[in-house]
Amino acid sequence: MQQTFPVGRFHATPWRAFPFDDPYGEWPPSPWRLLRAILARSFQLSREFPKDSEEEHERLRELLVHAFCTSKISWQLPTQSWRGPGIQQYHPADFEYSHPSPRKFKVYDYREEFRDGTLDIADLGHELIKFFTIYKDKSKKDILEFFNENMELVKMEPDIAPEKVKALNDLIRKMKLTARKYKHYFPDEKSYTATKVKDNFWLTPENTSPLFWILDSDHSLWKPDLLIHLDDCLARMTYFGRAESITYIERIHENLDIVANCFLRDSRTTVAVPVLCPKANATLEDVGCMTNEKKVANSTIPPGAVWKYAERPLITKNKKPQRPSKKLLPTTVLQFAIGGRVFPPLKLWLRVTERFRGTILQKIAQNQTGNQKAQFYELSSDIRENYSLLTGKGENGVRLTGHRHAAFFLIPDEEVKPTRLICYRKKPFTSEEQMAILSASEVPLAWDYRGNQWKLRLVPLSKETPLPYEKDIFGESRLWETLVPYVPPLHVFRQNGKPKPGAEVENQVKSNLENLNLPQAEISLLDESSNSVQWMKVHRPRRERRWQTNDDKRGYRIRLNFIVPTKGPVFIGNSSHFGLGLFAPVPVDGSTQLKGNV
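Residues numbered from 1 in each chain as written. Predicted model: local features only at pLDDT ≥ 70, side-chain atom pairs only at ≥ 80, totals over all residues. Heavy atoms only, no water.

Asker: How should the overall build of the protein be read in this particular structure?
Answerer: Each helix and strand counted, the protein has 11 helices and 28 strands in total. Relative to a compact globule of 598 residues, whose C-alpha radius of gyration would be 25 Å, the protein shows 39 Å and is clearly more extended. In terms of principal-axis extent, the alpha carbons of the protein reach across some 125 × 85 × 60 Å. Going through the 598 residues of the protein one by one, you find that 44% of them count as buried. Contacts in the protein between residues at least 24 apart in sequence constitute 75% of all its contacts with a sequence separation of at least 6. Accessible surface, the protein as shown: approximately 34200 Å² in total, 51% of it carbon and sulfur. Side-chain charges in the protein split into 88 positive and 73 negative, and the spacing between the mean points of these groups amounts to 7 Å. (Helix = DSSP H or I, 4+ residues; strand = E, 2+ residues; numbered from the N terminus. Rg over C-alpha atoms; globule rule 2.2 N^0.38 Å. Buried < 20%, exposed > 50% of the residue type's maximum accessible area, 1.4 Å probe, protein only. Contact = heavy atoms within 4.5 Å. Areas by Shrake-Rupley, 256 points an atom, 1.4 Å probe, with all protein chains shown as cover. Lys, Arg positive; Asp, Glu negative; His and termini not counted. Charge placed at Lys NZ, Arg CZ, Asp CG, Glu CD.)

Asker: Is there a simple way to think about the side chain of Ser71 in this case?
Answerer: By the secondary structure assignment, Ser71 is in the loop between α2 (54–69) and β3 (72–76). Among the polar contacts listed, one links the side chain of Ser71 to the backbone oxygen of Ala67, at a separation of 2.5 Å. (Polar contact = N/O pair within 3.5 Å; in protein donor to acceptor, adjacent residues only side chain to side chain.)

Asker: Is there a simple way to explain the nonpolar core in this structure?
Answerer: What tends to happen in soluble globular proteins is that the nonpolar side chains get buried as a cluster. Core analysis: the biggest nonpolar cluster contains 52 residues, and Phe356, Ile360, Phe409, Cys423 and Ile473 have the highest contact counts within it. Mapped by element, the contributors of at least two residues to this core are β18 (331–339), α7 (349–369), β19 (407–412), β20 (418–429), α10 (431–440) and β22 (455–461). In terms of residues, this core owes the most to one element, α7, which gives 8 residues. Ignoring any residue separated from it by four or fewer positions in sequence, one finds Phe409 in contact with Arg420, Leu421, Ile422, Tyr424, Ile473, Pro569, Phe571, Ser576, Gly579 and Leu582. Core analysis: the second largest hydrophobic core is formed by 42 residues, Ile38, Cys69, Trp202 and Val275 among them. (Core = buried A, V, L, I, M, F, W, Y, C linked by side-chain atoms within 4.5 Å.)

Asker: Mind showing me how you'd approach the confidence of the model for the protein here?
Answerer: When pLDDT drops low, the exact placement of atoms in the prediction is not to be read closely. When the pLDDT values of the protein are averaged, the result is 85; 92% of them are 70 or greater. Note that residues 590–596 has pLDDT below 50 and, in this model, 19 contacts with residues that lie over four places away or in other chains. (pLDDT = per-residue confidence, 0-100.)

Asker: Honestly, the packing of α7 against α10 in this entry has me stumped. Any pointers?
Answerer: Think of two packed helices as two axes; the pair is described by the angle between the axes and how far apart they sit. For the pair α7 and α10, interaxial distance at closest approach is 8 Å and the crossing angle is 120 degrees. Classified by the angle their axes make, α7 and α10 are oblique. When the axes of α7 and α10 are compared, the crossing they make is right-handed. Residues Phe356, Thr359, Ile360, Lys363, Ile364 and Gln368 of α7 lie in contact with α10, whose contacting residues are Glu432, Ala436, Ile437, Ser439 and Ala440. Classifying every residue of the contact of α7 with α10 by side-chain character gives 6 nonpolar, 3 polar and 2 charged. (Axes fitted to C-alpha atoms, helices over the stretch in contact; angles between N-to-C directions. Parallel < 35°, antiparallel > 145°, perpendicular 65-115°, else oblique. Left-handed = near helix turned anticlockwise from the far one by under 90°. Nonpolar A, V, L, I, M, F, W, Y, C, P; charged D, E, K, R; others polar.)

Asker: Help me out: how do you make sense of the packing of aromatic side chains in this one?
Answerer: Here the distance between the centres and the angle between the planes together describe a pair of aromatic rings. For the structure shown, the criterion picks out 17 aromatic pairs. Centre to centre, the rings of Tyr424 and Phe474 are 5.7 Å apart; their planes meet at 55 degrees, and the pair counts as tilted. Taken together, the positions of Tyr424 in strand β20 and Phe474 in the loop between β22 and β23 (476–482) put the pair 50 residues apart, joining distant regions of the chain. Take Tyr424 and Phe474: they sit in the same class, and that class is buried. Taken together through their ring pairs, the aromatic side chains of Phe5, Phe10, Trp27, Trp75, Trp202, Trp213 and Phe240 make up a single cluster. Directly above the ring of Phe43 sits Arg61, whose terminal nitrogen or CZ lies 3.9 Å from the centroid. Note that Arg103 overlies the ring of Phe105, its terminal NZ or CZ placed 4.3 Å from the centroid. (Phe/Tyr/Trp six-rings, centres within 6.5 Å; stacked < 30°, edge-to-face > 60°. Lys NZ or Arg CZ within 6 Å of the ring centre and 35° of its normal.)

Asker: Whenever I open this one, the pairing of strand β9 (residues 153–157) confuses me. Can you help?
Answerer: Of the pairings in the sheet, the one linking strand β8 (residues 142–147) to β9 comprises 4 bridges and is antiparallel in character. In the sheet register, Leu144 faces β9, and the bridge partner there is Glu157. With antiparallel pairing between neighbouring strands as the criterion, β8 and β9 make up a hairpin whose turn holds 5 residues, including Met151 at a positive phi of roughly 60 degrees. (Pairing = 2+ DSSP bridges.)

Asker: What should I look at first to understand the sheet that holds strand β4 (residues 82–83) in this one?
Answerer: Remark on secondary structure: sheet strands pair via backbone hydrogen bonds, oriented parallel or antiparallel. Taken in spatial order, the 3 strands make up an open sheet running β2-β12-β4, and their pairing is antiparallel. Taken across any chain shown, the strands that pair with only one partner, and hence form the sheet edges, are β2 (9–10) and β4. Summarising the sheet, β4 and strand β12 (residues 202–203) pair through 2 bridges and their orientation is antiparallel. Paired with Arg83 across the bridge in β12 is Trp202.

Asker: Is there a simple way to explain the pattern of salt bridges in this structure?
Answerer: Think of it this way: side chains of opposite charge can pair up when their charged atoms draw near. As enumerated under the stated definition, the model contains 23 salt bridges in all. A salt bridge links Asp199 to Arg242, with the nearest nitrogen and oxygen atoms 2.5 Å apart. Of the two residues, Asp199 sits in strand β11 (residues 189–199) while Arg242 sits in the loop between α4 (224–235) and β14 (248–250), which places them 43 residues apart along the sequence. Here Asp199 matches Arg242 in class, with each residue buried. Through salt bridges with shared partners, a single network forms among Glu56, Arg59 and Asp225. (Salt bridge = Lys/Arg side-chain N within 4 Å of Asp/Glu carboxyl O.)

Asker: Got a minute to help me understand the sheet that holds strand β10 (residues 180–184) in this structure?
Answerer: Taken together, 5 strands build an open sheet; the order of strands is β9-β8-β7-β6-β10 and the sheet is antiparallel. Since the sheet does not close on itself, it has two edges, and those belong to β9 and β10, each with one partner. With direction set aside, neighbouring strand axes in the sheet form an average angle of 35 degrees. Across 6 bridges, the pairing between strand β7 (residues 131–136) and β8 is antiparallel. Within β8, the position partnered with Tyr135 by the bridge is Ile143. Of the strands in this sheet, β6 (103–109), β7, β8 and β9 touch helix α3 (residues 162–175), which is tilted by about 125 degrees from β7.

Asker: What is the right way to read the environment of Tyr387 from this model?
Answerer: Examined against the element boundaries, Tyr387 turns out to sit in the loop between α8 (381–386) and α9 (388–391). In this structure, the C-alpha to C-alpha distance between Tyr387 and Glu433, residues 46 residues apart in sequence, is 8.6 Å. Contacts of Tyr387, omitting those with residues within four sequence positions, involve Ile364, Gln368, Phe376, Glu432 and Glu433. Of the polar contacts made by the side chain of Tyr387, one reaches the side chain of Gln368; its length is 3.0 Å.

Asker: Help me out: how do you make sense of the state of the cysteines in this one?
Answerer: What makes a disulfide is a covalent bond joining the sulfur atoms belonging to two cysteines. Within the structure shown, the criterion is met by 0 disulfides. No disulfide involves Cys233; its sulfur sits 15 Å from that of Cys69, the nearest cysteine. Given the relative accessible area of 0%, Cys233 is considered buried. Here Cys262 stays free of any disulfide, with the sulfur of Cys277 as its closest cysteine sulfur at 10 Å. The exposure class assigned to Cys262 is buried, which follows from its relative accessible area of 0%. (Disulfide = S-S within 2.5 Å.)

Asker: So what exactly am I meant to see when it comes to helix α1 (residues 31–48) here?
Answerer: Taking 1.5 Å of rise per residue, 18 residues should cover 26 Å, and α1 covers 26 Å from first to last C-alpha, within 8% of that figure. All of the buried residues in α1 are Pro31, Trp32, Leu34, Leu35, Ala37, Ile38, Leu39, Arg41, Ser42, Gln44, Leu45 and Ser46. The distance from a side-chain oxygen at the start of α1 to the backbone nitrogen of Trp32 is 3.1 Å, and the residue carrying that oxygen is Ser30. (Expected span 1.5 Å × (residues − 1).)

Asker: Help me understand a nonpolar patch on the surface in this model?
Answerer: On the surface, Val7, Tyr239 and Ile246 cluster together into a nonpolar patch covering about 250 Å² of accessible area. When you line up the elements, Val7 lands in the loop between β1 (2–4) and β2. (Patch = residues over 30% accessible without salt bridge, like charges linked within 9 Å, V, L, I, M, F, W, Y side chains within 5 Å.)

The following block contains the structure:
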């Protein structure tokens, strides 16, 4: 079915959402809404043609509900549609008594001396006048009003001459009249109170890019008489959603190349929106229910309906023509020199690599959408999956196995300051990924959550820039020692402080090496005198941050003596892709601790 909105707007909100409180609107349109709209037109047909058999119409409605509910529904949504800015307007709210504020003004007693013609009220009869007042209205015009003994207005002179005002004021001062404050209360009355609301909607292209409903089902369910009935119903549909949504919808008879870009799914993702759909076994009674029926009013969703989820396609905007960027050659290593006034302590090194990777993903989201505020998690799942070797998460956010995704290392200098950052991945980085990494390196990195005052700057280095021999993590050696402490994936101790059987550090290192298909090695934990244990921050994914645990873990200094020379990089353990558990080769003699290792 092809649907257009001639006015260019679709006004609708999800089930039980207040129309003026929901700024997001319903998009894609709900199949439940469409089915009920078609049924409403079906009943209209019965009223238009009362001579036709009502039983026949009832039969067609049941067939329609069955065929629609058992169909697999998807959409081709116009990609140039987006949430409208909303229209602010006043709506009548309650019909109730109003309580207007009293009018406050000053009045003077009317004296016999005024009867000389100063106030010019001869036609009223002086005996009626008991009080008067003079004031300026909003337009700065002088107004003179006269009242009887009940403070009822007898006469009003608008815009009196300045000479008359001056003569009257002189007379008041001469007679030393004192003004009395008076409040005039207006009678209550019933009227509508107004409330300001914001009417939200989705903007849609008019005819250039219609919305397509794609119903995939058994063709035998859609019999010719049912299709004729469906066409008659669609032809009578003048609005869809709220009454402002003028629409035109029809069934397509010719074969068009329509590819769905929005699908229903049973589980929710971070960017999916809920869509109310009919169940496969929904009946005509379920779909045709009234909203004021008890079974509907007392439930979160109507009987026969179910929430499903859909991801809206990305909004396409016209981009400025850009000069084609230079294609970068694939590479497995990118290096950066790190500069700054104050460097993070060893415990917080992970903050640098963590934030650098986050900035890279943000740059990718900006490049994909053209929106400077776009976030990576807002991209559709298929786009996020294309960068799984950067994020370490595959389809539906499942963690990748095999250590295939990118790793970020910090290399300390002789003063134990992290002055070099290395991005490494076994599969070479593509040109687009390299551009995102280089773009992210232009953003200062803060490593402290409290003040963000100590920021580091990155400077790209050539990939041929050598590392010192004792820190050449890409070298080959039999003897390796931790350059950054190793954090075991599992707890080494129980809550009572006693060692956990089978979770010794040596056993966990051995298991990590086996998972990486590295040769067997003699594992030794460096003694306490060389500061072998230290608290380290570890990476916690967003989905785990709500758990009641901290991200401080014990880090150990390890020495590995492989049975054969092994080529680096060797990085194992918790948060190893963020620089923890990184090893460097030990000089040939192996007798002294590496200078600058931590």
